[in-house]
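# Survey of secondary and tertiary structure
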Amino acid sequence: MELYLVRHAIAEEALPGQPDDTRPLSEEGVQRFREVVKGLKRLDIRFDRLYHSPKLRAVQTADLLKPALEGESEVTPYLAEPPSTKLLKTLQGTQVALVGHEPWMSQLCALLTLGDSEEAGAFVFKKGGVAHLEGHPKPGGMRLLALLTPKILRQL
Amino acid sequence: MISLTPWLQHLSEHLPVAREGQDREGVHQVRVAVRRLRVWLELAGMGILEDDLAWLVRGAGKVRDLEVLLGHPRLPKAFQDWAKDRLGEARTELVPMLDSARLKGLLQALSSLPPLERPLAEGRLGRFVHRVRRRAEGWERHDDFERLHALRRALRKLRYAREWLALDTEAIKELQDALGAVGDITFTLNYLDAFEADGGKATVQFRRGLETRLTKALGEAKASWESQKNAVLS
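Note that the coordinates shown come from a computational prediction; the quantities given were computed from them, not determined experimentally. (Residues numbered from 1 in each chain as written. Chains lettered and ligands numbered in written order. Predicted model: local features only at pLDDT ≥ 70, side-chain atom pairs only at ≥ 80, totals over all residues.)

### Some words on the overall build of chain A
Along the backbone of chain A there are 5 helices and 6 strands. Each helix and strand of chain A, ordered N terminal to C terminal, gives the series β-α-β-α-β-α-β-α-β-β-α. Against the 2.2 N^0.38 benchmark of 15 Å for 156 residues, chain A shows a C-alpha radius of gyration of 14 Å, consistent with a compact globule. Dimensions of chain A along its principal axes, counting C-alpha atoms only, are 40 × 35 × 30 Å. When each of the 156 residues of chain A is scored for burial, the buried share is 46%. Considering only contacts in chain A between residues 6 or more positions apart, those separated by 24 or more positions represent 58%. (Helix = DSSP H or I, 4+ residues; strand = E, 2+ residues; numbered from the N terminus. Rg over C-alpha atoms; globule rule 2.2 N^0.38 Å. Buried ≥ 20, exposed ≤ 12 C-beta atoms within 10 Å, placed from the backbone. Contact = placed C-beta atoms within 7 Å.)

### Regarding the nonpolar core
A:Leu5, A:Ala97, A:Leu98 and B:Leu37 are the most contacted members of the largest nonpolar core, which has 101 residues in total. Apart from residues no more than four positions distant in its own chain, A:Leu5 is found in contact with A:Leu98, A:Met105, A:Leu108, A:Cys109, A:Val130, A:Ala131 and A:Leu133. (Core = buried A, V, L, I, M, F, W, Y, C linked by C-beta atoms within 7 Å.)

### With respect to the interface of chain A and chain B
Listed by partner, the interface residues are 17 residues for chain A and 16 residues for chain B. Class assignment for the residues of the side of chain A that touches chain B results in 8 nonpolar, 3 polar and 6 charged. (Nonpolar A, V, L, I, M, F, W, Y, C, P; charged D, E, K, R; others polar.)

### Some details on the packing of helix α7 (residues 145-164) of chain B against helix α8 (residues 170-197) of chain B
Residue and element names in this part refer to chain B. Viewed as axis vectors pointing N to C, α7 and α8 meet at an angle of 140°, and their least axial separation amounts to 10 Å. In this view, α7 runs oblique relative to α8, as classed from their interaxial angle. In this structure, α7 crosses over α8, and the sense of that crossing is left-handed. Here α7 contributes Phe-145, Leu-148, His-149, Leu-151, Arg-152, Leu-155, Arg-156, Leu-158 and Arg-159 to the contact with α8, which in turn contributes Ile-172, Lys-173, Leu-175, Gln-176, Leu-179, Gly-180, Val-182, Gly-183 and Thr-186. (Axes fitted to C-alpha atoms, helices over the stretch in contact; angles between N-to-C directions. Parallel < 35°, antiparallel > 145°, perpendicular 65-115°, else oblique. Left-handed = near helix turned anticlockwise from the far one by under 90°.)

### Points about the pairing of strand β6 (residues 142-148) of chain A
Taken together, the 6 bridges between strand β5 (residues 130-135) of chain A and β6(A) define a ladder with antiparallel strand orientation. Paired with A:Glu134 across the bridge in β6(A) is A:Arg143. (Pairing = 2+ DSSP bridges.)

### Comments concerning the pairing of strand β3 (residues 69-75) of chain A
All names here are of chain A. Pairing of strand β2 (residues 47-52) with β3 involves 5 bridges; the strand directions are parallel. Directly across from His-52, in β3, lies its bridge partner Val-75. Read as a crossover between parallel neighbours, the route from β2 over helix α2 (residues 56-65) to β3 is right-handed. (Right-handed = clockwise from strand over helix to strand, strands pointing away.)

### Overview of the sheet that holds β3(A)
All names here are of chain A. Taking strand neighbours across the sheet as the criterion, the 6 strands line up as β3-β2-β4-β1-β5-β6 in an open arrangement whose pairing is mixed. The sheet is open, and its two edges are formed by β3 and β6, each paired on a single side. Each strand of the sheet is rotated relative to its neighbour by a mean of 20°, with strand direction disregarded. Note that β2 and strand β4 (residues 95-100) share 4 bridges and pair parallel. Residue pairing across strands places Tyr-51 opposite Leu-98, the latter belonging to β4. Its contacts with the sheet place α2 against β1 (2-7), β2, β3 and β4, and it is angled at close to 150° to β4.

### Regarding helix α4 (residues 104-114) of chain A
All names here are of chain A. Burial analysis of α4 places 10 of its 11 residues in the buried class, the great majority of the element. Trp-104, Met-105, Ser-106, Gln-107, Leu-108, Cys-109, Ala-110, Leu-111, Leu-112 and Thr-113 are the residues of α4 that are buried. In the core, the buried residues of α4 are packed alongside β1, β4, β5 and β6.

Dropping the structure here:
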């Protein structure tokens, strides 16, 4: 499996009393992430499965990513919590994108490549950043092929 | 602003009823709510969550179709028993879906969506009309059941889109009733084919009765389309 871990794009700050789940992407976040998607498509990256967190900013990021999807998308609450085997067991497909949040994306990257989510500090995910992994989606079962910042992807 | 909250609440209220399985309205109302939410997403221009709603409506649809079939007043006993077995299987598949993390995530995601701006939704209404026009052209050209059902689905989406915008839907409803009668008989015949493919046997009279009703319903559907199409496509 080739796995693409995507951190959601830049979101608005929460208004007083606004639940975190309902924070939308900012206009800047939408514009910049559209460029990220163009960069992914220039690299000829396509997904046959896309999983995303139910939080609004991840839903909107996944929606922007849909032009690169040639299969089904699926919302999962397991991407709105620390990485778990429940999430890994959910995954189907061969070119799979996951859209989620920090610190869980870094933890997931560490879990899959190093076998230990505690090593998350080794990976820096900018908003709209993408990690490209390959292997079996189990602890220590994948290797990191690329950690792409949004800036690099926008300039492709 | 158009909030999806009323139909999301409707869905949430009927999910436990659907899971329990005692009241046929449970699954029916889940399907009704999901279909309206899909149209809301289309009016909002969102492609995401559509697959999740389609997944749920497929699971509910299998159960609902069999429940409708079993509501047929003169179903032969052997056909009825066969349909009850299929219904049991469909229910067995539905319950894990209703208990799944995917559904939990879907409800959470839907509840976080902001209301839709009315001008944005109004701007997308033309796509629904255009879809009906295309499907109708296909039906008029080929005159087969598959295209008639495609037109029926497009009409349903147009009706729900207009309902979200609080616009009149009387002409569409009338047309839906006429096309729906064809749909109901067709799907009974499809189930009858599946029953017979499984080795079941129904009387020739029963099949002929359905086919006669289908011919009549089809004539009425065509007449209804001719009388309502200008109102629907305007």
